[in-house]
Amino acid sequence: MKNEKWVAGAKPLAREARAAKQAPRAGDNQHMSALKLRESKRWLERARAVIPGGVYGHQSPNLLVPGRYPAFISEARGCRVRDPDGNEYIDFLCSYGPMVVGYQNPAVHRATEKQRALCDAGTLPAPNMVELAEKLVAVSEGMDWAMFAKNGSDACTWALALARQRSGRDLIAMAGGSYHGVHGWCNHFTAGFPDSDRASTVEFAWNDLQGLSALFDEHSKSLAAVIVTPFRHEAGADSVMPAEGFLEGIRSLCDRHGALMIVDDVRAGFRLHRGGSTQLWGVTPDLLVYSKALANGYPLSALLGNESLRSAAEGVFVTGTFFTQAVPIAAAIATLEELEAKDGIAYMNAIGERFCDGLQRGADKAGVQIHVSGPPSIPFMTFPADAGSFERSRVFAAACVRGGVFVHPYHNWFMSTAHQESDIDEALAIAAKAFREAARVRAS
Ligand SMILES: Cc1ncc(COP(=O)(O)O)c(C=O)c1O
């Protein structure tokens, strides 16, 4: 392992520097033989005793390939992570999106340390909240104000509340299967939530403008808003970009019927377009929600809106004990500056293209068909021969992990500005071997 690869722009920890000479490269990881996961398993057993399920939510090892993935990450730098057994991976999940300028990015680190020395969770907000709001309003097309929360679920739910307050209507239209968080109105799983939580939402199919138009015809006077993601990126399915005219059509249906357009940019934000992802298609929503990549791993989300929603925003009581935290806000300011200084979005798309092209070449060479979907900065890959079973995806992903490349069989991946061309090429060499394993899976 070379220090600069592990560190990717940051200074190595002293311990890492000492270990660097004997430490393996990611691609040499136990290397296409068995992956040593003893420590991960030990931590998981301890976790199961005191944490329901051990690890819950989408990070649960049960939702990966059981027994073939680490269950914990102990260290992370740049685009690389290390598990408790000392295995190192080039990480293409980026903490499921937040890590956009690299784990322990030096500029973000400096900004957070500086703010931490002053104040983090104060009795009142710190002035940097105003600075971040000004910055977000300045870069986000059509947005006049910003409010902050801690996660995407809360900010999306606040957006619905504001739309209802502004329009005096209750009903929300959402694309069926879209993920907007864990609150009752949109949680993908119904256990624990009463049906009444969903009573004020209606669904249309992604890219089906006619279906949405029919919903407007049926509920013209009660639809408060349409909430959409910039592209369809649900786990367990190929990503789907908006069809020509789809987002524009939502915009004009909302305008025609006096409803509001909410864009949930929690997952895609800051990887597609600096002014809000739907600007790629020239569409400006009324309300815009950011989270994941906003603060490079620090807990923060933002709800932005246009002038017409300012008094609704003042009229709805939203708060939270930690929303004033100044360290995540300092992280967000530094992250946005880093992205701008490095032309980060263009970089991630270019490096993502290099990755996707290389995957295609690797698959062709192994004689296995793949389907790469989504924007290059948030790519995903499936095997059409799986026909939804994800069997080859599991074999491929487990082989990648064994070789030192962290990808997910069912969930889209993320690029960051910390991924260098050399990281991509190293990952592709490992993926090439993984494709050969996937190619051996027989049609069932
Ligand atoms: C599009 C989208 N909206 C909302 C959320 C919920 O965000 P959080 O997990 O921070 O509550 C997510 C999380 O993955 C998401 O991808």
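**Details of the overall build of the protein chain**
Turning to step 1, where the next piece is worked out: On a plain count of helices and strands, the protein chain comes out with 13 helices and 13 strands.
Turning to step 2, where the next piece is worked out: Since a compact globule built from 444 residues should have a radius of gyration of about 22 Å, the 22 Å found for the protein chain is in line with a globular shape.
Turning to step 3, where the next piece is worked out: Its C-alpha atoms give the protein chain principal-axis dimensions of roughly 65 × 60 × 45 Å.

**So, the nonpolar core**
Turning to step 1, where the next piece is worked out: Of all hydrophobic cores here, the largest spans 118 residues; its most connected members are Ala159, Ala225, Val226 and Val405.
Turning to step 2, where the next piece is worked out: No other element matches the nine residues that helix H10 (residues 326-341) contributes to this core.
Turning to step 3, where the next piece is worked out: Viewed by domain, this core spans two of them, domain 1 (3-101 + 343-439) and domain 2 (106-341), each represented by three or more residues.

**A few points about helix H12 (residues 391-403)**
Turning to step 1, where the next piece is worked out: Taking 1.5 Å of rise per residue, 13 residues should cover 18 Å, and H12 covers 19 Å from first to last C-alpha, within 8% of that figure.
Turning to step 2, where the next piece is worked out: Along H12, the positions that sit buried rather than exposed are Arg392, Ser393, Arg394, Val395, Phe396, Ala397, Ala398, Ala399, Cys400, Val401, Arg402 and Gly403.
Turning to step 3, where the next piece is worked out: Buried residues along H12 sit against strand S3 (88-91), strand S12 (380-382), strand S13 (405-406) and helix H13 (421-439).

**Notes on the sheet that holds S3**
Turning to step 1, where the next piece is worked out: Pairing within the open sheet is mixed, and its four strands lie in the order S1-S2-S3-S13. The strands lining the two open edges of the sheet, one partner per strand, are strand S1 (75-77) and S13.
Turning to step 2, where the next piece is worked out: One ladder, built from two bridges, connects S3 with S13; its direction is parallel. By the bridge assignment for S13, Asp91 is matched with Phe406.

**Notes on the site of the ligand**
Turning to step 1, where the next piece is worked out: Around the ligand, the surrounding shell consists of Asn151, Gly152, Ser153, Cys156, Tyr179, His180, Gly181, Thr229, Asp264, Val266, Arg267 and Ser291.
Turning to step 2, where the next piece is worked out: It is helix H6 (residues 152-167) that contributes the most residues to the shell around the ligand, three residues altogether.
Turning to step 3, where the next piece is worked out: Taken together, the residues of the shell around the ligand break down into three nonpolar, seven polar and two charged.

**Notes on the confidence of the model for the protein chain**
Turning to step 1, where the next piece is worked out: When pLDDT is averaged along the protein chain, the result is 93, and 92% of the positions lie at 70 or above.
Turning to step 2, where the next piece is worked out: Below pLDDT 50 for its whole length, residues 1-31 participates in 61 contacts with residues either more than four positions away or in separate chains.

Parameters at a glance
Chains are numbered independently. Their residues run from 1 in the order of the written sequence. Local features in a predicted model are, by the rule used here, given only for residues with pLDDT of at least 70; side-chain atom pairs are given and counted only at 80 or more, and totals for whole chains, interfaces and linings are based on all residues. Comment: elements are numbered from the N terminus, with helices defined as DSSP H or I runs of at least four residues and strands as E runs of at least two. Our radius of gyration looks at C-alpha atoms and nothing else; its globule reference is 2.2 Å times the residue count to the power 0.38. Take the buried Ala, Val, Leu, Ile, Met, Phe, Trp, Tyr and Cys residues, join any whose C-beta atoms are within 7 Å, and the set you get is a nonpolar core. For every residue, the other C-beta atoms within 10 Å of its own C-beta are counted; 20 or more classify it as buried, 12 or fewer as exposed, and values in between as partly exposed. C-beta atoms are placed from the backbone. Those domain boundaries reflect an automatic or database domain assignment. Helices are assigned an expected span. That span is 1.5 Å times one less than the residue count. By the convention adopted here, residues make contact when the C-beta atoms placed from their backbones lie within 7 Å. A pair of strands is considered paired only if DSSP assigns at least 2 bridges between the two. Each residue gets a C-beta atom placed from its backbone. Should that atom fall within 6 Å of a molecule or strand, the residue is termed near it. Residues are grouped as follows: nonpolar covers Ala, Val, Leu, Ile, Met, Phe, Trp, Tyr, Cys and Pro; charged covers Asp, Glu, Lys and Arg; every other residue, Gly included, is treated as polar. Residue-level confidence of the predictor is what pLDDT reports, using numbers from 0 through 100.

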